[in-house]
Amino acid sequence: MPLVSDEAVVLKRLDYSETSQVLVLFTRLHGKARAIAKGIKRSTRTRYAAAIDLLDVGTVSLSHRAGRGDALATLTEWKQVRYFAGLRQSLPGMYAAQYAAEVTAGMTEDWDAHPGLYDSLVDLLGQLADVERPLPALVAFISRLLTEAGLAPQFERCVGCSRPIGNHAPEGTLFFSSFEGGPLCRDCEPAHIEKRQLRTEVLRWLRGHDAAPPEACTAALDLLNYHLSHVMGRRPLLADKLLPRPN
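Parameters at a glance
Residues numbered from 1 in each chain as written. Predicted model: local features only at pLDDT ≥ 70, side-chain atom pairs only at ≥ 80, totals over all residues. Heavy atoms only, no water. 1 Å grid on protein atoms, 1.4 Å probe; cavity = no way out; pocket = protein on both sides within 12 Å on 5 of 7 lines; lining within 4 Å. Points joined across faces, edges and corners; volume = space filled by probe spheres on them. Helix = DSSP H or I, 4+ residues; strand = E, 2+ residues; numbered from the N terminus. Nonpolar A, V, L, I, M, F, W, Y, C, P; charged D, E, K, R; others polar. Pairing = 2+ DSSP bridges. Axes fitted to C-alpha atoms, helices over the stretch in contact; angles between N-to-C directions. Contact = heavy atoms within 4.5 Å.

1. Observations regarding the layout of surface pockets
Estimates place the volume of the largest pocket at around 220 Å³. For the lining of the largest pocket, the secondary structure elements donating two or more residues are β1 (3–15) and α1 (91–107). Here the lining of the largest pocket takes four residues from α1, the largest share from any one element. Looking at the lining of the largest pocket, its residues break down into six nonpolar, one polar and four charged. There is about 190 Å³ of room inside the second largest pocket. If you go around the second largest pocket, the residues you meet are Cys158, Arg163, Pro164, Ile165, Gly166, Ala169, Pro170, Thr173, Leu174, Cys185, Arg186 and Asp187. Across the lining of the second largest pocket, the residue classes break down as seven nonpolar, two polar and three charged.

2. A few points about the sheet that holds strand β2 (residues 21–27)
Around the barrel, which closes on itself, the five strands sit in the order β1-β2-β3-β5-β4 with mixed pairing between neighbours. Strand-to-strand, the axes of this sheet are offset by a mean angle of 50°, without reference to chain direction. One ladder, built from two bridges, connects strand β3 (residues 31–37) with strand β5 (residues 73–82); its direction is parallel. Residue pairing across strands places Ile36 opposite Thr74, the latter belonging to β5. Strands in contact with α1 are β1, β2 and β3; relative to β1, the strand with the most contacts, it is inclined by about 115°.

3. Side note on the sheet that holds strand β6 (residues 175–177)
If you walk across this open sheet you meet the three strands as β7-β6-β8, and the pairing is antiparallel. Sheet topology places β7 (182–184) and β8 (196–197) at the edges, where each strand pairs with a single neighbour. Of the pairings in the sheet, the one linking β6 to β8 comprises two bridges and is antiparallel in character. Among the inter-strand pairings, Phe176 is bridged to a residue of β8, identified as Arg196.

See the structure below:
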């Protein structure tokens, strides 16, 4: 089987046996890959094996048979190149990083390359290791992820009647529909069952017109998480660590 060599971020890992792991990797030039790392945890007299950690960045070689997209590749080589130690010292940063890894795994297809998204994810992990407020960087990454997947909402016009939406709409007059992919004005929202209220300060921030206070960051993440939940068919597990539980 041909070998694939690339740089990768570990999105998910599962212990497969006493010595092996199953990994979900996001590679820069080949996209998401699922691989089994046989014997990666086996220590010898001359080598201590610490396995591969979640969110590590490394160079990887995979043995993968073309045309077998549903089969696990086999990891043949791994060399760690970046370890975000700061994430291990910040619980909010770690939760945000794990959330980013979870939704990246859920929103990308196997062997579908997104080099720009890969670079954004690595940059995000570096930012989260150093910042006190992780949500602005996380929201920016989620917006990039949705754009790469072709599922980014638009916030310029009502998705019901196509009328432009101003930056200073009265409170309580705007709603957001994930199914329709954008905001609904007060004239159009009664005809839609799936919707939630859209705060105007969140709208302004997502459109890039305002700086975001902490409460707007949380509300924006809540809105994008709502959209991701509809697209993925489930609520991201790490959302409960970053957001209030839905009523």
